[in-house]
Amino acid sequence: MSEVHEKGLLAKQASYIMNERTTDEKNDALRCIAQQLVADAVYIVDENNKDLEVGQEVGLSQSVMDRILLTEERIADMHDAIMQLIELADPVGEVLETIDKENGLHIEKRRVPLGVIAMIYEARPNVTVDAATLAIKTGNAVILRGSSSAKYSNIAIMESIHKALAQTTLPIDAVQLIEDTSRETASDLFNLTEYLDVLIPRGGKAFIDMVIREASVPVLETGAGNCHIFIDEDADVDMTFAIVKNAKLQRPSVCNAAESLLVERHWFEAHGNELVTMLANENIIIHGDEAVYALDEENIRLATEEDWHAEYLNEELSIKVVGTLDEAIRHINTYGTKHSEAIITPHEERARRFQQNVDAAAVYHNASTRFTDGFEFGYGAEIGISTQKLHARGPMGLPALTSTKVYIEGTGQVRG
C-alpha cells in the first residue's frame, strides 16, 4: 500500500472518531497546538531556514520566498489565530431547518463534518496550521500535502501538531502530512476517492487548473486572484490613490492584491499622468494599453493579451483605459478569475450595477480588495477563498468545511 493510500485509510478511520468529539475536546486540542507551536518556534524557524536556503539556491522569486518565510513573530501570529478560532462558534450540530409534518414526523437539517479533507498547496507553510486547525474545529480529518519549497517547515510544524494531539482525546491520525512531494504522490491523492470527501487546492492559477483537470475526487476550488479596480470618471483622486496603493502594495504576493486597473477615459485624461507617476514612484512595473503606454514609452511596457490574464503576485500592474462602466464589466468578466473586484465611484447606482453584474466572489465599492480574507470578514482563519459557486464561495471559514445531514424522528410512521 502506498503512503497516500495508507494515510487515506488512517484518516478515514480517524474521521469516525472525530465525528464523536465534543466542542470542548476540539478546543482543548486547538489550545494544545497553539502552545506547542510557540514552544517549538525556534526549531520550526531553524527548519524553515533550510527551505529558504534551498529556495535561494534554486532562484525562487522574492514573493515566493516571503510566502515561505516563518519567523517567531509569524508563529506567534499563528498562536493568536488559533486562540481566536477557539472563540468561534462550532458549526457542527447547528440546526439549519426544522419541519414538523402532519403525520407527526419531526425533521431537522443539521451541519455535520465533511469527513476527510485533503489539502494540496504551494509554498505557505502557514497553510499547514490553518488547514489542520480548521479541520479539527469542524470535526474533520485532514491530509496535507505541501510543496517541496516548504518541505522542512511543513514537517516541523506537523511534528508540533502531533505532539500536541498526543496530549488530547483526539486521534493523531486526524491530521497527517504527506512528506513525499513527488508528482506521483500528488496523482495518487487526486484519485483517492475511496477515502477522501473533498480535495482543496491552494496556489497559482496553473496549479489549481491542473488539480481540477486531473482529480477524480470532488474539488473545492480556491481561485487565483487576477483582481481589478475600476476607476470611475468621478472617482475621488486621493481616495483612488490610497486604495490602489494599498490593494497593490500592502502585500503584493497574495491572491487578493490588485493586478489590473481599468480607468475611465475622462478620469484618465485628467489624472492619468499623476496616477502613473505615483505608481512609478512606488517602483511598480506598469503594463499599459496604447493610451497608457503613450504617457511614458521609455518606462511603461506595452500590454499584451497575456497581461490582461496575468496574476503577477509582485510589484507589477496592468492598466487599461475604458470608455464606459459596461466596458469595464465586460473586461473583468472576460479576464477576471472571479475572486475580488472593486469600483471607485461616488455614484451609488453605478456601484450597484458594477457589483450586480461583475462575476466574482467579492465585489467592493470604494475599498481595497485586500480585505477579502476570512479574518477580516469575521470568519476567523480561512481554508481558502472559493471562486466557484457550488457549496461555498468567497473566504471559506468553518461552515464551508461542513455538510448537512437530515435527522428524522418518528413514532412508528410508515408511508402509504
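Worth saying up front: this structure is predicted, and the values here are computed from it rather than measured. (Residues numbered from 1 in each chain as written. Predicted model: local features only at pLDDT ≥ 70, side-chain atom pairs only at ≥ 80, totals over all residues. Heavy atoms only, no water.)

J.: Where do I start with the pattern of salt bridges in this structure?
T.: Going through the model one piece at a time under the given rule, you end up with 20 salt bridges. Among the salt bridges present, the one from Arg 183 reaches Glu 214, with a minimum N-O distance of 2.6 Å. Of this pair, Arg 183 sits in helix α8 (residues 183-190) while Glu 214 sits in helix α9 (residues 205-214), placing them 31 residues apart in sequence. With a relative accessible area of 41%, Arg 183 lands in the partly exposed category. Relative accessible area serves as the criterion here: at 30%, Glu 214 is assigned to the partly exposed category. As a salt-bridge pair, Arg 393 and Asp 359 come within 2.8 Å of each other at their nearest N and O atoms. Placement of Arg 393 in the loop between β14 (384-386) and β15 (394-396) and of Asp 359 in the loop between α15 (348-357) and β13 (362-365) is noted, with a sequence separation of 34 residues between them. We classify Arg 393 as partly exposed; its relative accessible area is 34%. (Salt bridge = Lys/Arg side-chain N within 4 Å of Asp/Glu carboxyl O. Helix = DSSP H or I, 4+ residues; strand = E, 2+ residues; numbered from the N terminus. Buried < 20%, exposed > 50% of the residue type's maximum accessible area, 1.4 Å probe, protein only.)

J.: Which parts of the structure should I look at to understand the sheet that holds strand β16 (residues 402-409)?
T.: Spatially, the three strands line up as an open sheet ordered β1-β2-β16, and their pairing is antiparallel. One side of each edge strand has no neighbouring strand; the edge strands of this open sheet are β1 (95-100) and β16. Neighbour-to-neighbour, the strand axes of the sheet open up by a mean angle of 20°, direction not taken into account. (Pairing = 2+ DSSP bridges. Axes fitted to C-alpha atoms, helices over the stretch in contact; angles between N-to-C directions.)

J.: Even after reading the chapter, I still don't get the environment of Ser 61, so can you show me in this structure?
T.: Relative to the assigned elements, Ser 61 resides in the loop between α3 (41-58) and α4 (62-68). For Ser 61, a relative accessible area of 35% gives the class partly exposed. Spatially, the C-alpha atoms of Ser 61 and Phe 268 are 33 Å apart, while their sequence positions differ by 207 residues.

J.: Is there a simple way to explain helix α2 (residues 23-39) in this structure?
T.: Two residues of an α-helix separated by three or four positions point the same way, owing to the 3.6 residues in each turn. With 17 residues, α2 ought to run about 24 Å at 1.5 Å a step, and its terminal C-alpha atoms sit 24 Å apart, in line with that. For α2, every residue scored as buried is listed here: Lys 26, Asn 27, Ala 29, Leu 30, Cys 32, Ile 33, Ala 34, Gln 36 and Leu 37. Along its buried surface, α2 packs onto α3, α5 (72-87), α6 (126-137) and α7 (151-165). (Expected span 1.5 Å × (residues − 1). Contact = heavy atoms within 4.5 Å.)

J.: Please clarify how the nonpolar core should be interpreted in this entry.
T.: Nonpolar side chains tend to gather and get buried jointly when the protein is soluble and globular. Ranked by size, the top nonpolar core spans 50 residues in total, and within it Leu 144 and Val 175 carry the most contacts. The residues touching Val 175, leaving out its near neighbours within four places in the chain, are Ala 132, Ile 136, Val 142, Leu 144, Met 158, Ile 161, His 162 and Leu 165. Among the nonpolar cores identified, the runner-up in size contains 28 residues, and Ile 286, Leu 317, Ile 344 and Ala 362 belong to it. (Core = buried A, V, L, I, M, F, W, Y, C linked by side-chain atoms within 4.5 Å.)

J.: Is there a simple way to explain the side chain of Thr 337 in this structure?
T.: Its location among the elements puts Thr 337 in the loop between α14 (325-335) and β12 (340-344). Those residues in contact with Thr 337 that lie beyond four places of it in its chain are Lys 205, Ala 224, Gly 225, Asn 226 and Thr 387.

J.: Just to check I follow, could you spell out the packing of α5 against α6 for this structure?
T.: Packed helix pairs are characterised by how far apart their axes lie and by the angle those axes make with each other. One can describe the packing of α5 onto α6 by two numbers: an axis separation of 11 Å at closest approach and a directional angle of 15°. Accordingly, the angle class assigned to the pair α5 and α6 is roughly parallel. Taken as a pair, α5 and α6 cross one another with a handedness that is right-handed. Counted together, Met 78, Ile 82, Leu 85 and Ile 86 of α5 and Asn 126, Val 129, Thr 133, Leu 134 and Lys 137 of α6 form the full contact between these two elements. Per-class residue counts for the contact of α5 with α6 are six nonpolar, two polar and one charged. (Parallel < 35°, antiparallel > 145°, perpendicular 65-115°, else oblique. Left-handed = near helix turned anticlockwise from the far one by under 90°. Nonpolar A, V, L, I, M, F, W, Y, C, P; charged D, E, K, R; others polar.)

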